[in-house]
Amino acid sequence: MKVDLLVQNGWVYRTYRQCFEKADIAVVGEKFYDVSPASCYEADLVVDAKETYIIPGLIDVHMHIESSMIGPAEFSRAVLPWGVTTVVADPHEIANVFGITGIKRFMDVKTDLDIYYAIPSSVPAAGPDYETSGGVMGEEEVLKLLEDGRVICLGEVMNYRDLISLQDTKIKRIIEQCQTAGRDIKIEGHCPSLTGRDLAAFIRAGVDADHTQQTRESVLEKTDMGMFLELQEKSLTPDVINTVVTHRLYENVALVTDDVMPDHLVNGHLNRILKLAVERGMAAEQAVYCATFTGARRMGLHDRGMIAPGKQADFVILKDLVHFNPMAVYKSGKRYENGTGEERTAYPDEFYQSVKCRLALESDFKLNRCKIKDGKALVCVMQIQEYGTTIRHVKRWIPVKDHCLCWQEAGLCLAVVYERYGKHGSVSSGLVENGLKLPGAVATTWSHDSHNLLVLGNSPKDMLLAQNRIVHMQGGYVTAREGAITASVNLAAGGILSDEGLDKLAEDLGAVRKELEGMGYKNSNVIMSVSTLTLLVSPELKLSDKGLFDTKERQGIPLVEKYECEKGKG
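Reference entry: report on the structure contained in this document.

So, how was this worked out
Residues numbered from 1 in each chain as written. Predicted model: local features only at pLDDT ≥ 70, side-chain atom pairs only at ≥ 80, totals over all residues. Heavy atoms only, no water. Axes fitted to C-alpha atoms, helices over the stretch in contact; angles between N-to-C directions. Helix = DSSP H or I, 4+ residues; strand = E, 2+ residues; numbered from the N terminus. Left-handed = near helix turned anticlockwise from the far one by under 90°. Contact = heavy atoms within 4.5 Å. Nonpolar A, V, L, I, M, F, W, Y, C, P; charged D, E, K, R; others polar. Buried < 20%, exposed > 50% of the residue type's maximum accessible area, 1.4 Å probe, protein only. Lys, Arg positive; Asp, Glu negative; His and termini not counted. Salt bridge = Lys/Arg side-chain N within 4 Å of Asp/Glu carboxyl O. Polar contact = N/O pair within 3.5 Å; in protein donor to acceptor, adjacent residues only side chain to side chain. Pairing = 2+ DSSP bridges. Patch = residues over 30% accessible without salt bridge, like charges linked within 9 Å, V, L, I, M, F, W, Y side chains within 5 Å. Areas by Shrake-Rupley, 256 points an atom, 1.4 Å probe, with all protein chains shown as cover. Parallel < 35°, antiparallel > 145°, perpendicular 65-115°, else oblique. Core = buried A, V, L, I, M, F, W, Y, C linked by side-chain atoms within 4.5 Å.

### Quick notes on the packing of helix α11 (residues 270–279) against helix α12 (residues 284–298)
Each pair of packed helices can be summarised by the angle the axes make with each other and by the distance between the axes.
Now for step 1: Look at α11 against α12: their axes get within 9 Å of each other, and the N-to-C directions meet at 145 degrees. By crossing handedness, the relation of α11 to α12 is classed as right-handed. Here Leu270, Leu274, Ala277 and Val278 of α11 come into contact with α12, specifically with Ala284, Ala287, Val288 and Ala291.
Now for step 2: Considering only residue class, the contact of α11 with α12 consists of eight nonpolar, no polar and no charged.

What follows is the structure, encoded as structure tokens:
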């Protein structure tokens, strides 16, 4: 028997036993033909693996292409060299900007990477009463997407209150559409703070997976309740890994990326998550299992995720089980040769005309409508944490002088959100603690999930400059200080995507990151931390174009809770 490809002398991963065994791999066409300890096949091409490790192609079942600020073609070129051969993408970022039109633009792009899709379940994330988005996803859009076989799940359900409501709600109707679609559509969830009866109600409503930040306690509670957990980097703490290992929960978890910034993507993708899991206490054999097979099984991708006869011939050759940097990647039986990654992507004209908000005015950064002339005010403040995207809701007394909140004197930053879709032009403000320490500003349209224009800073002149530059650029990321733009990323395609090569994009974003850190912003991922100040489905206090919201109660709250006048003054 003659085969197309024969890979000899490698240590091949045996999925069901979660171990490596010396074997030869025979490939015919795009499929594995045979895997045996000593193959006797002739082949058109023979590869000597030279005692290296061979694992299935990595499968990322929860991620967002737009988080890398590039389109599907560039993303494919970027991740295949890292051994990622299949992803399940939730395009809710492009959907928030352009609706189903944006999703279909993504799906029309042909790529070497196999991309399956999730239907964005919550666009806008918190609902139109809470934030303004460019696109809206409803039942009609869901039905259209369900007609495409590449759509295999409903993306992260975020609207807990509507889901467990006694009323007929859109999210319940959407879930029912997926459950009655005639095929196994998985229902993905987003429930970072749910526990007890609330969590049970969420699961009863049909959602049985979560990808948000986990703790030891949440891992045990959620898996005991039957949830499948998708562990991204911020969940790979020693405590969480130890919980998975101690209770042998490998069948119940997959390793995923969720969001990978461009300047991080140039250094790795899911392979880096695999490396971190091993560094933090998971055996390499089990980590490989959770980065290949468990996700594939979760999503019903039964034709991949293991090296076995009849499966798709996606595999990765590794020098070691420490660094997980591929020596070679094979996609559908062919060795993948790296593209340049520098080709420009052509987006339609309307993608470059999506930022329709006004230029900022100096008055936008003066909170001068206090009910008292002089005294102090108890204000609600978004407190940034040094790890993750959770924003704590704290209260602070700050001075009031001549009807103005003296937020700079109190050592706080000001966040301002501008509705950018030309629908009603709303502008809202919030106060932030633990933001920039040195005078300056940052502005962006890459602000999750509705991607309105966000400005954060403690220098009004720099905030004005940064906001104006973003509007003129038609979207991006900008930092400013001392009256000058100091770094910028052009994301003129929908305000969230670059049409330049990844290397240039990564360099520019790295400069923005460095500027933010240089101005004293402290977080494990400063870019994502800034961008999620507007994420209304993440704890605890966030800001949209429609105001401040307690995200657990899904309730608007005032910036000022109460005033106290100076003695003898009104």
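### Notes on unusual backbone geometry
Now for step 1: In this chain, Val123 is followed by Pro124 through a cis amide linkage whose omega measures -5 degrees.
Now for step 2: Tracing the backbone through its elements, the reader meets Pro124 in the loop between β8 (114–119) and α4 (139–146).
Now for step 3: Looking along the chain, the bond that leaves His448 and enters Asp449 is cis, with omega of -10 degrees.
Now for step 4: Mapped onto the elements of the fold, Asp449 is located in the loop between β22 (441–444) and β23 (453–457).
Now for step 5: Even without being glycine, Asn434 reaches a positive phi, approximately 70 degrees.
Now for step 6: Here Asn434 lies in the loop between β21 (427–433) and β22.
Now for step 7: Here Asn434 falls in the partly exposed class, since its relative accessible area comes to 32%.
Now for step 8: One non-glycine residue, His451, lies in the positive phi region at around 60 degrees.
Now for step 9: Inspection of the secondary structure puts His451 in the loop between β22 and β23.

### Thoughts on the side chain of Asp550
Now for step 1: Note that Asp550 resides in strand β27 (residues 547–550).
Now for step 2: Put simply, Asp550 is tucked away with no salt bridge, and the nearest opposite charge, on Arg161, sits 7.3 Å away.
Now for step 3: Looking at Asp550, its side chain comes within polar contact range of the main-chain nitrogen of Glu553, at 3.0 Å.
Now for step 4: Setting aside its immediate chain neighbours within four residues, Asp550 contacts Glu540, Leu541, Gln555 and Ile557.

### Let's talk about the sheet that holds β27
Now for step 1: The antiparallel open sheet is built from three strands, whose spatial order is β26-β27-β28. At either margin of the open sheet sits one strand with a lone partner, and together these are β26 (541–544) and β28 (555–557). On average, adjacent strands in this sheet sit at an angle of 45 degrees to one another, irrespective of strand direction.
Now for step 2: Note that β26 and β27 share four bridges and pair antiparallel. Within β27, the position partnered with Leu541 by the bridge is Asp550.

### Some remarks on the environment of Ala410
Now for step 1: Here Ala410 lies in the loop between β19 (404–405) and β20 (413–418).
Now for step 2: The sequence separation of Ala410 and Val329 amounts to 81 residues, and the corresponding C-alpha distance is 55 Å.
Now for step 3: Among all residues touching Ala410, those that are not within four sequence positions of it are Ile398 and Pro399.

### Comments concerning a nonpolar patch on the surface
Now for step 1: Together, Met1, Val28 and Tyr33 line one region of the surface with nonpolar side chains, adding up to about 280 Å² of accessible area.
Now for step 2: Take Val28: it is sitting in strand β2 (residues 19–28).
Now for step 3: On the basis of relative accessibility, which here comes to 31%, the residue Val28 falls in the partly exposed class.

### Comments concerning the packing of helix α3 (residues 100–107) against α4
Now for step 1: The geometry of α3 relative to α4 is characterised by a closest axis approach of 11 Å and an angle of 15 degrees between their N-to-C directions. Accordingly, the angle class assigned to the pair α3 and α4 is roughly parallel. Note on packing geometry: the crossing formed by α3 with α4 is right-handed. On the side of α3, the interface is formed by Ile100, Ile103 and Met107, while α4 contributes Glu141, Lys144 and Leu145.
Now for step 2: In terms of residue class, the contact of α3 with α4 is built from four nonpolar, no polar and two charged.

### Some points on the pattern of salt bridges
Now for step 1: What the rule picks out here adds up to 33 salt bridges.
Now for step 2: Residues Arg150 and Asp148 are paired through a salt bridge, measuring 2.8 Å at the closest nitrogen-oxygen approach.
Now for step 3: Here Asp148 falls in the partly exposed class, since its relative accessible area comes to 23%.
Now for step 4: Glu188 serves as the salt-bridge partner of Arg298, at 2.7 Å between the closest nitrogen and oxygen. Taken together, the residues Arg298 in helix α12 and Glu188 in strand β10 (residues 186–189) connect sequence positions 110 residues apart. Comparing Arg298 with Glu188 shows no difference in burial state: the two are buried.

### Quick word on the pairing of strand β25 (residues 484–490)
Now for step 1: Two strands pair when backbone bridges link them, and strand β24 (residues 476–481) and β25 are joined in this way by six bridges, in the antiparallel orientation. Residue pairing across strands places Gly476 opposite Asn490, the latter belonging to β25.
Now for step 2: Connecting the antiparallel pair β24 and β25 is a turn made up of two residues, with Glu482 showing a positive phi of about 55 degrees.

### Overview of the nonpolar core
Now for step 1: Counting 158 residues, the largest nonpolar core has Leu255, Leu405, Leu431 and Ile527 as the members making the most contacts within it.
Now for step 2: If one sorts the elements of this core by residue count, α12 sits on top with seven residues.
Now for step 3: Each residue touching Leu255, except ones within four places of it in the same chain, is listed here: Ile59, Leu231, Leu236, Leu270, Ile273, Leu274, Ala277, Ala287, Cys290 and Ala291.
Now for step 4: Among the nonpolar cores identified, the runner-up in size contains 17 residues, and Ile25, Ile54, Ala313 and Ile317 belong to it.

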